[in-house]
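Chains, contacts and geometry: an overview
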Amino acid sequence: MRMSGNGHHKVTARHLARSAYLYVRQSTMRQVVENTESTERQYALRQRAIALGWPSDGVIVIDSDLGQSGASAVDREGFQKLVAEVGMGRAGIVLGLEVSRLARNSADWHRLLEICALTDTLILDEDGIYDPSHFNDRLLLGLKGTMSEAELHVLRARLRGGLINKARRGELRCRLPIGFVYDAQVRVVLDPDKQVQESVRLLFDTFFRTGAAHATIKSFRKQGILFPTRLHGGTRSGDLVWGPLSLGRLVSILHSPWFAGAYSFGRSRWRKQPGGGTRHEALPPNEWLAFIRDAHPAYITWDQYVQTQQRLRDSGKALHFDCSQSPPREGPALLQGRAVCGLCGSRMHVRYGSRRGQRIPNYVCVGRGRLFGDPLCQSIVGTQLDAAIGKLLVDAVTPMALQMTLAVQHELERRVDEADSLRHRQVERAQYEAELARQRYLHVDPGNRLVAESLEADWNARLRALDEARADYERQRAADRRVVDDDERRRILALAADFPAVWNDPNTPERERKRMLALLVEDVTVSKQHHVTAAVRFRGGATTILTLPRPLTAQQLRATRPEVRQQIDGLLDEYTDAQVAHILNERGLRTGADDAFDAVSVQWVRVTAKLPSLKERLLAAGMLTTRQLGEKLGVKRSTIGRWRAQGLVESRICNELGEWLYWPPKQTPPHRRSPTKRPAKSPEGRSPVRGAV
Ligand SMILES: [Zn+2]
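These notes cover the structure that comes with them. Computed from a predicted model, the values in this text were never measured in an experiment.

**Description of the coordination of the zinc ion**
Those protein atoms acting as donors to the zinc ion are Cys 341 (SG), Cys 344 (SG), Cys 365 (SG) and Cys 377 (SG), and they sit at 2.2 to 2.3 Å. The sequence pattern describing where the donors of the zinc ion fall on their chain is C-x2-C-x20-C-x11-C. Here the residue Cys 341 occupies a position in strand E14 (residues 339–341), and Cys 365 occupies one in strand E16 (residues 358–365), the gap between them amounting to 24 residues.

**Details of the sheet that holds strand E23 (residues 660–662)**
The three strands lie next to each other as E21-E23-E22, forming an open sheet whose pairing is antiparallel. Of all strands in the sheet, those with a lone pairing partner are strand E21 (624–625) and strand E22 (651–653), marking the two edges. Note that E22 and E23 share three bridges and pair antiparallel. The partner of Arg 652 across the bridge, within E23, is Leu 661.

**Here's the deal with the nonpolar core**
The biggest cluster of nonpolar side chains holds 34 residues, and the ones touching the most others in it are Phe 180, Leu 203, Phe 204, Phe 227 and Phe 259. Elements represented by at least two residues in this core include exactly strand E7 (188–190), helix H8 (194–210), helix H9 (213–222), helix H10 (247–255), strand E10 (263–265) and helix H11 (302–319). Discounting residues that sit within four places of it in the chain, Phe 204 has contacts with Ile 253, Leu 254, Phe 259, Tyr 299 and Ile 300. One finds Leu 335, Ile 389, Val 521 and Leu 548 within the second-largest nonpolar core, a separate group that totals 30 residues.

**Remarks on the packing of helix H20 (residues 577–586) against helix H21 (residues 599–608)**
Contact geometry for H20 and H21: axes closest at 8 Å, N-to-C directions at 105°. Judged by the inter-axis angle, H20 sits roughly perpendicular to H21. Facing H20, whose interface residues are Asp 577, Ala 578, Val 580, Ala 581 and Leu 584, H21 presents Ala 599, Val 602, Gln 603 and Arg 606. The residue inventory of the contact of H20 with H21, partitioned by class, reads six nonpolar, one polar and two charged.

**Remarks on H21**
For H21, every residue scored as buried is listed here: Ser 601, Val 602, Val 605 and Arg 606. Buried residues of H21, viewed axially, fall in a sector of 145°; they line one side. Turned more than 90 degrees away from the buried face of H21, the exposed residues are Trp 604, Val 607 and Thr 608.

**What about the packing of aromatic side chains?**
In the structure shown here, the tally under the stated rule is eleven aromatic pairs. Ring centres 5.4 Å apart and planes at 80° place the aromatic pair Phe 180 and Tyr 299 in the edge-to-face group. Remark: Tyr 299 occurs in the loop between strand E13 (290–292) and H11 and Phe 180 occurs in strand E6 (residues 180–182); sequence separation between them is 119 residues. Across the pair, Tyr 299 and Phe 180 agree in class, each one buried. Between Phe 204 and Phe 259, the ring centres sit 5.5 Å apart and the planes meet at 55°, which makes this aromatic pair tilted. Placement of Phe 204 in helix H8 and of Phe 259 in the loop between H10 and E10 is noted, with a sequence separation of 55 residues between them. For the pair shown, Phe 204 and Phe 259 are each scored as buried. Aromatic rings pair up to connect Phe 180, Phe 204, Phe 207, Phe 208, Phe 259 and Tyr 299 into one cluster. Over the ring of Trp 503 we find Arg 513, and its NZ or CZ is 6.0 Å from the ring centre.

**What about the packing of helix H19 (residues 562–571) against H20?**
Helix packing geometry: the angle between the two helix axes and the distance between the axes. For the pair H19 and H20, the least separation of the axes is 10 Å and the interaxial angle reads 135°. It follows that H19 is oblique to H20 by the angle criterion. Considering how the two elements wind past one another, H19 and H20 form a crossing that is right-handed. Each of Gln 567, Ile 568 and Leu 571 in H19 lies in contact with H20, whose residues at this interface are Val 580, Ile 583 and Leu 584. Classifying every residue of the contact of H19 with H20 gives five nonpolar, one polar and no charged.

**Observations concerning the pattern of salt bridges**
Two side chains that carry opposite charge are able to pair once their charged atoms sit near each other. If you walk through the whole model with that rule in mind, you get 16 salt bridges. Arg 462 is the salt-bridge partner of Asp 458, the closest N and O atoms lying 3.5 Å from each other. On the criterion of helical spacing, the pair formed by Asp 458 and Arg 462 is a turn pair, its members being four residues apart in helix H15 (residues 449–481). The salt bridge involving Asp 569 is made with Arg 617; its shortest N-O contact spans 2.7 Å. You can see Asp 569 sitting in helix H19 and its partner Arg 617 sitting in helix H22 (residues 614–621), a full 48 residues away along the chain. Accessibility expressed as a relative area gives 30% for Asp 569, which makes it partly exposed. Salt bridges linked by common partners bring Arg 429, Glu 433, Arg 440, Asp 458 and Arg 462 together as one network.

Rules behind the numbers
- Residues numbered from 1 in each chain as written.
- Predicted model: local features only at pLDDT ≥ 70, side-chain atom pairs only at ≥ 80, totals over all residues.
- Heavy atoms only, no water.
- Donors = N, O, S within 2.8 Å, 3.2 Å for Na, K, Ca; no water.
- Helix = DSSP H or I, 4+ residues; strand = E, 2+ residues; numbered from the N terminus.
- Pairing = 2+ DSSP bridges.
- Core = buried A, V, L, I, M, F, W, Y, C linked by side-chain atoms within 4.5 Å.
- Buried < 20%, exposed > 50% of the residue type's maximum accessible area, 1.4 Å probe, protein only.
- Contact = heavy atoms within 4.5 Å.
- Axes fitted to C-alpha atoms, helices over the stretch in contact; angles between N-to-C directions.
- Parallel < 35°, antiparallel > 145°, perpendicular 65-115°, else oblique.
- Nonpolar A, V, L, I, M, F, W, Y, C, P; charged D, E, K, R; others polar.
- Arc of directions from axis to C-beta.
- Phe/Tyr/Trp six-rings, centres within 6.5 Å; stacked < 30°, edge-to-face > 60°.
- Lys NZ or Arg CZ within 6 Å of the ring centre and 35° of its normal.
- Left-handed = near helix turned anticlockwise from the far one by under 90°.
- Salt bridge = Lys/Arg side-chain N within 4 Å of Asp/Glu carboxyl O.

In structure tokens form, the structure reads like this:
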């Protein structure tokens, strides 16, 4: 190279007064471990810098990118740090093994070059020294960057081309779906494990029988049937683990043409996103990279597969619902979209029921039901809850309208900070896990390829997770800063002034009440146990907990009022159900359902309130049934009937069936023989009565 010999004249005292930055990076993780040689070459550059006049402690090493594979600068901290240092004019020279490797894609690279030119920073690689502010040097460097990118592109295309050709011939070995394995000749066969085969068959049978994905997972859960997964990679590769069948798993199996005996490859792809991230997307069948019918044994026929796809498309809309972000809709459910389940943390849905012609909101948590077919988590009748929240708002907003708005502001700021540090912990954890995965990978014997590869994959996954955590964090941070804008602040202030009047005005539509609620309340966490508790989180973080009695069930609502129940209890000491009903009606009382009483409704109240009947009360007081009296006196039923008709026994009717009860005789008449000796023949006409009627 032209510059290699005469580079020294480019280094001036101004350069030497600033630091030298040695940028060390490896593009793949395998290189980190195996290419220690290139790392040594990079560190040797340091000696070059010292030879050029930089003090040994003036060479700063940036190597935080080690192990991060990257085609964009977005996910490479070290590179950005380097750019920042150069931009601030702290760098006199940037050292790199091959300048083109400073940044793999040319956009990053040109940016760095421009910044170097602006800040008069030199660049040094094994070929020589470059001054980006000189046109010739810059041209050369730019070319190198472009070359590097082209090389990467060609390499990738070549690799992928090989893969695709193999896949088109159906020869590409890939990770098989559950229920299939490779045999010794690398042909796809059904899994020899009968239990696995049966599980897959049961899955399809259940889906064909019920016709719905959700019903299928529900059926598996109800019967306690677990579904197998074969582990890939790691020391337990090939092992089976059993777990509950999830909706995601089921749907991916139902979508896979493999189960209908077709080889397919490239049914989805990763798309680059403008932010530097990637997104996974499914492709329509005509864009699949490879597709071969009848390539291997099948679990279902091709027709069944086609039908399944149609059915999934039809029910597809039902699978994607999310009402958390929906705008307030018509309907009386005040907490729509704001109720959070206190038992599992899911958003609660609103379902309307009707009672006496009125729409009654129910807050329902489906919980894991959607994904695993579990039963409903909880369901709460909303009327009482809505009323309590409304009262809370009116109470909270009136007396201290102004203080509250001020408090909201203050709380908001505090909450953002709190949430921020909490969320940042997620990022830290992801960082820690990525570091752990790196350590595991570095410590594995490189000869143990299988293990090393799975650990490398794990490390890659952790790094991706870390990226996602960082992106999430940034997105939330940005969203937080927008929590209350000026417009919203004005609306809160206006609201505080005449809130109770507007809220209580019967002409205010429900929709408006929900809007006002949305301005004041972030969410309401509801749980129903012995009581209903509702934790109301105001915008701004202040929380109030309401405790309400469990709402009455429909049955309880229809129940008779307690004071009427007390009267019934008193009357039952003397009267039959029908007589009680008659008396209540005379007193002008009504049932819970606002009807007149009759024998049946009194009986209902009696049974539900566990009140003893007149007959039970009389028996408890010592009266006897016909049979009991007959046994006691050793006489026939007919005899007792005759005595009763002649007024010889003290008796009374105890219910609508006309059953008679008797007071036992005070003493057995002295002339009567013992019933044990002549049980069936008691003298007739004699009175065993304790008193005259
Ligand atoms: Zn729940």
